[in-house]
Amino acid sequence: MDICSAIQDSLGNEAIWRPPVRQLLQGRTALRFSGFLFEMLNGMKDQDMKTLDDWILDLESDDFDIMWTAILKLDELGDEKAIEPLTRVGLHYDDEDLWYNSWWAVKDILGIEAFFAHVKRLYETFSLRDSDAKLRRHCLSALTEFAHDAPHAFYKEVFTHDPDHQVKTYALYGLASIKAEENIRFLRRVHDEQGGDLKETAKQLLATLEPDEYDALSDLASDDPVVRRDACKKLAANPQKQAIPRLIELLEDRSEPAVVRFKAGEALGAAGDERAVEPMIRILRTHEDEESVRSTCARQLGHLGDERAVEPMAEYLLADFDEPGAHSEAAIGLGRLGSRLAIPALIKGADDRRERVRRWSLEALGKLENHGADEVLIRRLSDEERGVREYAALALARQKSHAAREPFLTILREPDAPLHDYSVRWRAVWGLGRILGPGDREEISVIAARLEDEHEFVRGSAIEALTKLKATEYLPRILGRLQDEQYSVKNHAIDAVGQLGDTNHIEILKQVPGKRKTVDLLTALVRLGDKRSLTTLLKRLDDPDDRPHAGCALVEMGDERGLTVAIEALQSKYWNVRLEAIRVLRDCNDEASLSALQAITNDPDESIRSAARKAVEARVSEMHA
């Protein structure tokens, strides 16, 4: 009898054999038995009974399948306790699938803003030792892959100051992932001033950012699936109408590798051609197809914005088979389509047994006005899954639902309750800032109590809400947040002082530490009447990194010298810059900004399209009032 059989036959009581077996696996001994032992463990203990700690421990396995399953499960659970072990996998494993999915899970759990801050802190920690260059490269790879809105300045700073040649190369790839004119200029300077590999890397990246016309049809007809896949990737970045028929063929051809079909779907979505709608609907309704292919079809149908997709996507969302990833894409796509016809399916999706389907159905409902789903949204504030609770709170906040008033106040009055974690408190504060009025003094005091919250997002949201509600009585406590250790909270405090303060606060703001005054700080000082800061703010219009934000700030304060820059910002690579420009141009009354807003109603991003449409409608309504 071999030792594996002997172990299986002789180990009786699970309580006796589980601890030593776990210790054996953690100690990395008898590695050739690890797959067998883990299979035995998981066979004896149903996966549904496994705890969060069990899944985290599975990340230490030497078995790829066990680690893969654990990463997916931890992503689904969404508990921040998993951030550190998942990050370790992302930093120390070279396997592409494990690397990608572990970082994806970290991003999914934290959200994009906190993900960038988390990885940036890791990079700064590893920058203390030259020997940690590989870990710094992993950090930059993660940001390039998942944080496409990472600040330009970060990559430039890394390139300038990091001593490792390869890290510099990774920084260039990070810059190239953000297709902004200032990054192209930076890459040109690198190409002109550097030599060797850095010069060659800059040359290759510039060729990608400024591509010559290339023969896509030839590559799509290649016998090599890798060439076909790469051609689809290039077409997703630079669509060509003549390639649409061939891309549809690849998408529908079941003999093609799934990755080629997946990339063909992405290229069709990027092209925005209505010819892709019916083929994608057919695939969505064919359950024998690959999940990844159906998933990309659901996603791209949402981007294409054709109402023909509403009914099949709603049917797919509620289909009784277990494909939570693709079902989630259907929910997200329905939210992007913005059709009220999707509401019944999304309400049912919000009660689905699968966490991801519940979460993204709630997110989609938050984008649809007057959906009549307050009851299910409030019920989901008590969901066992953190991500579901967060999206329920977000949907209620977006809707300015007065039915959420008391549930939100309860969440903030009981911040230590098990279900009231920071992501829910954050959304509750933001929602109350939209629901309450300046006269709701008692309720506003509940928001003010969150100025001392342990989490930066909640503190920042509390400051933002108090500013919106003109709660000047809390300004002394907001001033204390000017020394907050978190940059985002400090910025919210600066903006609040600029809007709620007076000339007596100018010197206080000037004492805010920093090598260089930020646009936010300059804007606050200008609001308080500091003329020198206005001169400095105007100079920032010549700074590529500060230009969009400075232009929007000037327009918001009624200074037309920023108008051209704010209109220009509507074409920014960054969705948040485009959104900021829409917000400030909404209150202008000139024809140029109205025309620019009308043009951006066709933006690829649904949230930008929606914001632009609302801004145009408001402007037109005011013109005819």
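Residues numbered from 1 in each chain as written. Predicted model: local features only at pLDDT ≥ 70, side-chain atom pairs only at ≥ 80, totals over all residues. Heavy atoms only, no water.

1. Brief notes about the packing of helix 7 (residues 96-110) against helix 8 (residues 112-126)
Two numbers describe a pair of packed helices, the interaxial angle and the distance between the axes.
Link 1 in the chain: In the contact formed by helix 7 and helix 8, the axes pass within 7 Å of each other and the chain directions differ by 125°. On the basis of the axis angle, helix 7 is oblique to helix 8. For the pair helix 7 and helix 8, the crossing hand works out as right-handed. Two secondary-structure elements touch here, helix 7 through W103, V106, K107 and L110 and helix 8 through I112, A114, F115, H118, V119 and L122.
Link 2 in the chain: Among the residues forming the contact of helix 7 with helix 8, the class breakdown is eight nonpolar, one polar and one charged. (Axes fitted to C-alpha atoms, helices over the stretch in contact; angles between N-to-C directions. Helix = DSSP H or I, 4+ residues; strand = E, 2+ residues; numbered from the N terminus. Parallel < 35°, antiparallel > 145°, perpendicular 65-115°, else oblique. Left-handed = near helix turned anticlockwise from the far one by under 90°. Contact = heavy atoms within 4.5 Å. Nonpolar A, V, L, I, M, F, W, Y, C, P; charged D, E, K, R; others polar.)

2. Considering the pattern of salt bridges
Link 1 in the chain: Per the counting criterion, the structure on display carries 48 salt bridges.
Link 2 in the chain: Here R275 ties to D273 by a salt bridge, and the two come within 2.9 Å at their closest N and O atoms.
Link 3 in the chain: Residue R275 is classed as partly exposed on the basis of its relative accessible area, which comes to 42%.
Link 4 in the chain: When its relative accessible area of 9% is taken as the criterion, D273 is described as buried.
Link 5 in the chain: The network of salt bridges with common partners includes D351, R358, R379, R380 and D383. (Salt bridge = Lys/Arg side-chain N within 4 Å of Asp/Glu carboxyl O. Buried < 20%, exposed > 50% of the residue type's maximum accessible area, 1.4 Å probe, protein only.)

3. Notes on the environment of L538
Link 1 in the chain: Following the sequence through the fold, L538 ends up in helix 34 (residues 531-539).
Link 2 in the chain: Residue classification places L538 among the partly exposed positions, given a relative accessible area of 21%.
Link 3 in the chain: Considering only alpha carbons, one finds L538 and L522, 16 residues apart in sequence, at a separation of 9.9 Å.
Link 4 in the chain: Excluding residues that lie within four positions of it along the chain, L538 makes contacts with L554 and R561.

4. A few points about the side chain of D352
Link 1 in the chain: Looking at the element boundaries, D352 is found in the loop between helix 22 (343-349) and helix 23 (355-365).
Link 2 in the chain: Only 2.7 Å separates the side chain of D352 from the side chain of R354, close enough to count as a polar contact.
Link 3 in the chain: For D352, the residues in contact, after removing those within four places along its chain, are V357 and R358. (Polar contact = N/O pair within 3.5 Å; in protein donor to acceptor, adjacent residues only side chain to side chain.)

5. Topic: the side chain of D559
Link 1 in the chain: One can find D559 in the loop between helix 35 (547-556) and helix 36 (563-569).
Link 2 in the chain: The class of D559 is buried, set by a relative accessible area of 15%.
Link 3 in the chain: There is a polar contact of 2.8 Å between the side chain of D559 and the side chain of R561.
Link 4 in the chain: In this structure, D559 is in contact with L534 and L554, ignoring residues within four places of it in sequence.

6. Examining the environment of V167
Link 1 in the chain: Position of V167 among the secondary structure elements: in helix 11 (residues 165-176).
Link 2 in the chain: Classification of V167 by relative accessible area gives buried; the value is 0%.
Link 3 in the chain: As for V167 and H138, which are separated by 29 residues in sequence, their C-alpha atoms are 9.2 Å apart.
Link 4 in the chain: Look past the residues within four positions of V167 in its chain and what remains in contact with it is Y123, A133, R136, R137, L140, V158 and D162.

7. What to know about the nonpolar core
Link 1 in the chain: Within the largest apolar cluster, 180 residues are counted, with the highest numbers of intra-cluster contacts made by W103, F408 and L509.
Link 2 in the chain: Top element by residues in this core is helix 25 (residues 386-398). It accounts for eight residues.
Link 3 in the chain: In this structure, L509 is in contact with L482, I494, V497, L521, A524, L525 and L528, ignoring residues within four places of it in sequence. (Core = buried A, V, L, I, M, F, W, Y, C linked by side-chain atoms within 4.5 Å.)

8. Observations regarding unusual backbone geometry
What is expected of a backbone is that most residues other than glycine have negative phi and most peptide bonds are trans.
Link 1 in the chain: With phi around 50°, K400 is a residue other than glycine that occupies positive phi space.
Link 2 in the chain: Residue placement: K400 occurs in the loop between helix 25 and helix 26 (405-413).
Link 3 in the chain: Look at K400 and you get partly exposed, because its relative accessible area is 43%.
Link 4 in the chain: Unlike most non-glycine residues, K470 shows phi in positive territory, near 55°.
Link 5 in the chain: Within the fold, K470 resides in the loop between helix 29 (456-468) and helix 30 (475-480).

9. Some thoughts on the packing of helix 6 (residues 83-92) against helix 7
Link 1 in the chain: The interhelical angle for the contact between helix 6 and helix 7, taken along N-to-C directions, is 150°, at an axis separation of 8 Å. The orientation of helix 6 relative to helix 7 falls into the category roughly antiparallel. Considering how the two elements wind past one another, helix 6 and helix 7 form a crossing that is left-handed. Contact residues: helix 6 offers I83, L86, T87, V89, G90 and L91, while helix 7 offers L98, W99, S102, W103, A105, V106, I109 and L110.
Link 2 in the chain: Of the residues assigned to the contact of helix 6 with helix 7, the class counts are 11 nonpolar, three polar and no charged.

10. Considerations on helix 11
Every α-helix carries 3.6 residues per turn, so stepping three or four residues along brings you back to the same face.
Link 1 in the chain: Helix length check: helix 11 (12 residues) gives 17 Å between terminal C-alpha atoms against 16 Å at 1.5 Å per residue, within 8%.
Link 2 in the chain: Of the positions making up helix 11, those classed as buried are V167, K168, T169, A171, L172, G174, L175 and A176.
Link 3 in the chain: Measuring from the backbone nitrogen of Q166 back to the side-chain oxygen at the start of helix 11 gives 3.0 Å, which picks out D164 as the cap. (Expected span 1.5 Å × (residues − 1).)

11. Details of helix 16 (residues 244-252)
Link 1 in the chain: Buried within helix 16 we find I244, L247, I248, L250 and L251. In a view along the axis of helix 16, the buried residues occupy a sector of 160°, so they form one face of it.
Link 2 in the chain: Looking at the buried side of helix 16, the elements it contacts are helix 14 (216-220), helix 15 (225-237), helix 17 (258-271), helix 18 (277-284) and helix 19 (291-304). (Arc of directions from axis to C-beta.)

12. Describing the packing of aromatic side chains
Link 1 in the chain: If you walk through the whole model with that rule in mind, you get 10 aromatic pairs.
Link 2 in the chain: Taken together, a centroid distance of 5.1 Å and an interplanar angle of 50° make the contact between W360 and Y391 tilted. One end of the pair, W360, is in helix 23; the other, Y391, is in helix 25, and 31 residues separate them in sequence. Comparing W360 with Y391 shows no difference in burial state: the two are buried.
Link 3 in the chain: Among the aromatic residues, those joined into a ring-pair cluster are F116, Y123, F154 and Y155.
Link 4 in the chain: In this arrangement the basic side chain of K168 is found over the ring face of F159, its NZ or CZ atom lying 5.1 Å from the centre.
Link 5 in the chain: Directly above the aromatic system of W426 lies the positively charged group of R427, at a separation of 3.9 Å from the ring centroid. (Phe/Tyr/Trp six-rings, centres within 6.5 Å; stacked < 30°, edge-to-face > 60°. Lys NZ or Arg CZ within 6 Å of the ring centre and 35° of its normal.)

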